[in-house]
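Each chain, letter by letter, is given below.
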Amino acid sequence: MFLTRFRMNTARTGARRLLSSPQVLHAAVMASFPGLLPTQAAAAPDGPRVLWRIDQNARAEVQLYVVSPEKPDLTHLVEQAGWPAAADPENPGWQTRPYAPFLDRLAQEQRWAFRLTANPVHDIRRKPDEPRKRTAHITPAHQMGWLLDRQERCGFRVVEKPQSERLLPGGTTHRGHEHHGDRYRLTVGDRRGLAFDKARSEGKRGSRVSIVTVTFDGHLEVTDPAVMRRSLTQGIGKAKAYGCGLLTLAPLDGTE
């Protein structure tokens, strides 16, 4: 497994085109793996797959992160959306590191800062005789609830705040989920509604795709290292082809 980071040059037309469509960007990411057949992109249900995510940091830099079972070649992305003149054999315009050594070091009770861009959805039935329909969670409370419902089966638990840092006495809640952000070291932001036509063969317009994505930031504790590795290499939730599901970890600053 490999973890790759590529900085987008947002002043370039090619970068803006890629960032405007998750479908176009997904195709560009998959083109980084010439030996990977389209049918292998999703991999086996229990195997690693190509995952990607777009981040924007405090300096307004836009970064593309990719986790993949093969080492990528992002030369085409550098030419379209990077800094080709600055690239050289020792610094081609992106950074790729082996991921396995980090995954192997994961252990129970370790604590990490984490980030996850996801597509929180649930299936609802408005009438008893209607089929269930997949629907996006809209409120931050329900979006946080979506992640908290999945934490244990993803191999971690979101860290709770000490009572002294909570605004509500005793960690009480109002209407169920509304104060997850008060109880846990967890925030949800960067909500985006995406709508685009799914491409079909020969350039024909396909079905309309609408998804809602959010980015979770917080602290977690590893509860099952093997399951945690699976979450890091297979992703969490739906819409993985559109930049969702990639969970990444970073060391805490020592204040935890």
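That block above? That's the structure.
**Some details on the overall build of the protein chain**
Within the protein chain, the regular secondary structure consists of seven helices and 11 strands. Expressed as a percentage of the 256 residues in the protein chain, the buried residues total 41%. For the protein chain, long-range pairs separated by at least 24 residues make up 70% of all intrachain contacts whose partners lie at least 6 apart in sequence. Carbon and sulfur atoms make up 50% of the accessible area of the protein chain, which amounts to about 14,200 Å² in all.

**Some points on the layout of surface pockets**
What the largest pocket holds in volume is close to 720 Å³. Taken together, 26 residues line the largest pocket, and the ones lying closest to its centre are L3, R5, Y65, T248 and L249. Looking at the lining of the largest pocket, the elements with two or more residues in it are β1 (2-8), β2 (51-56), β3 (62-68), β4 (94-98), α4 (100-105), β5 (111-118) and β11 (247-250). Grouping the amino acids of the lining of the largest pocket by side-chain chemistry returns 12 nonpolar, seven polar and seven charged.

**A word on the packing of aromatic side chains**
The tally for this structure, following the rule as stated, stands at four aromatic pairs. Centroid distance F102 to W112: 5.2 Å. Interplanar angle 75°. Geometry classified as edge-to-face. Highlighted residues: F102 in helix α4 and W112 in strand β5, separated in sequence by 10 residues. On the basis of an interplanar angle of 40° and a centroid distance of 6.2 Å, the ring pair of F114 and F156 is categorised as tilted. Highlighted residues: F114 in strand β5 and F156 in strand β8 (residues 156-158), separated in sequence by 42 residues. Assessed through its relative accessible area of 1%, F156 is described here as buried. Every member of this aromatic cluster is reached through a ring pair, and the members are Y99, F102 and W112. It is R53 that lies over the ring of Y65; its NZ or CZ is 5.6 Å from the centre.

**With respect to the environment of A28**
Along the chain, the position of A28 falls in helix α2 (residues 22-30). Along the primary structure A28 and L74 are separated by 46 residues, whereas in three dimensions their C-alpha atoms are 8.9 Å apart. When sequence neighbours within four positions are dropped, the list of residues in contact with A28 reads L18, H76 and L77.

**Focus: unusual backbone geometry**
Even without a glycine there, the phi angle at E109 is positive, about 75°. Mapped onto the secondary structure, E109 falls in the loop between α4 and β5. In this model, A239 sits at a positive phi of 60°, which is unusual for a non-glycine residue. Looking at the element boundaries, A239 is found in the loop between α7 (225-234) and β11.

**Observations concerning the side chain of S32**
Tracing the backbone through its elements, the reader meets S32 in the loop between α2 and β2. Relative accessible area serves as the criterion here: at 1%, S32 is assigned to the buried category. Setting aside residues up to four positions removed in sequence, S32 forms contacts with P72, D73, L74, H76 and L77.

**A few points about the nonpolar core**
Residues F114, F156, L186, F216, M228, L247 and L249 are the most contacted members of the largest nonpolar core, which totals 29 residues. Mapped onto this core, the elements with two or more residues apiece are α4, β5, α5 (140-150), β8, β10 (205-222), α7 and β11. Counting residues in hydrophobic clusters, the runner-up holds 19 residues, among them M8, V29, L74 and W94.

**Describing the sheet that holds β1**
One key point about sheets: their strands pair by backbone hydrogen bonds, in either a parallel or an antiparallel sense. Spatially, the four strands line up as an open sheet ordered β2-β3-β1-β4, and their pairing is antiparallel. Each edge of the open sheet carries a strand with a single partner, namely β2 and β4. The mean inter-strand angle of the sheet, taken between neighbouring strand axes irrespective of direction, is 15°. Across five bridges, the pairing between β1 and β4 is antiparallel. Directly across from F6, in β4, lies its bridge partner W94. Along the sheet, α2 contacts β1, β2 and β3; its crossing angle with β2, the most-contacted strand, is approximately 120°.

**Details of the pattern of salt bridges**
Across all of its chains, the model carries eight salt bridges by this definition. Between R157 and E221 there is a salt bridge, with its nearest N and O atoms 3.2 Å apart. Placement of the pair is R157 in strand β8 and E221 in strand β10, with a sequence separation of 64 residues. Using a relative accessible area of 13% as the deciding quantity, one classes E221 as buried. Two residues, E160 and R183, come together in a salt bridge whose shortest N-O distance is 3.1 Å. Of this pair, E160 sits in the loop between β8 and α6 (180-183) while R183 sits in helix α6, placing them 23 residues apart in sequence. Looking at R183, the relative accessible area reads 32%, which means it is partly exposed. Through salt bridges with shared partners, a single ionic network connects R53, D55, R115 and D217.

Procedures and definitions
- Residues numbered from 1 in each chain as written.
- Predicted model: local features only at pLDDT ≥ 70, side-chain atom pairs only at ≥ 80, totals over all residues.
- Heavy atoms only, no water.
- Helix = DSSP H or I, 4+ residues; strand = E, 2+ residues; numbered from the N terminus.
- Buried < 20%, exposed > 50% of the residue type's maximum accessible area, 1.4 Å probe, protein only.
- Contact = heavy atoms within 4.5 Å.
- Areas by Shrake-Rupley, 256 points an atom, 1.4 Å probe, with all protein chains shown as cover.
- 1 Å grid on protein atoms, 1.4 Å probe; cavity = no way out; pocket = protein on both sides within 12 Å on 5 of 7 lines; lining within 4 Å.
- Points joined across faces, edges and corners; volume = space filled by probe spheres on them.
- Nonpolar A, V, L, I, M, F, W, Y, C, P; charged D, E, K, R; others polar.
- Phe/Tyr/Trp six-rings, centres within 6.5 Å; stacked < 30°, edge-to-face > 60°.
- Lys NZ or Arg CZ within 6 Å of the ring centre and 35° of its normal.
- Core = buried A, V, L, I, M, F, W, Y, C linked by side-chain atoms within 4.5 Å.
- Pairing = 2+ DSSP bridges.
- Axes fitted to C-alpha atoms, helices over the stretch in contact; angles between N-to-C directions.
- Salt bridge = Lys/Arg side-chain N within 4 Å of Asp/Glu carboxyl O.

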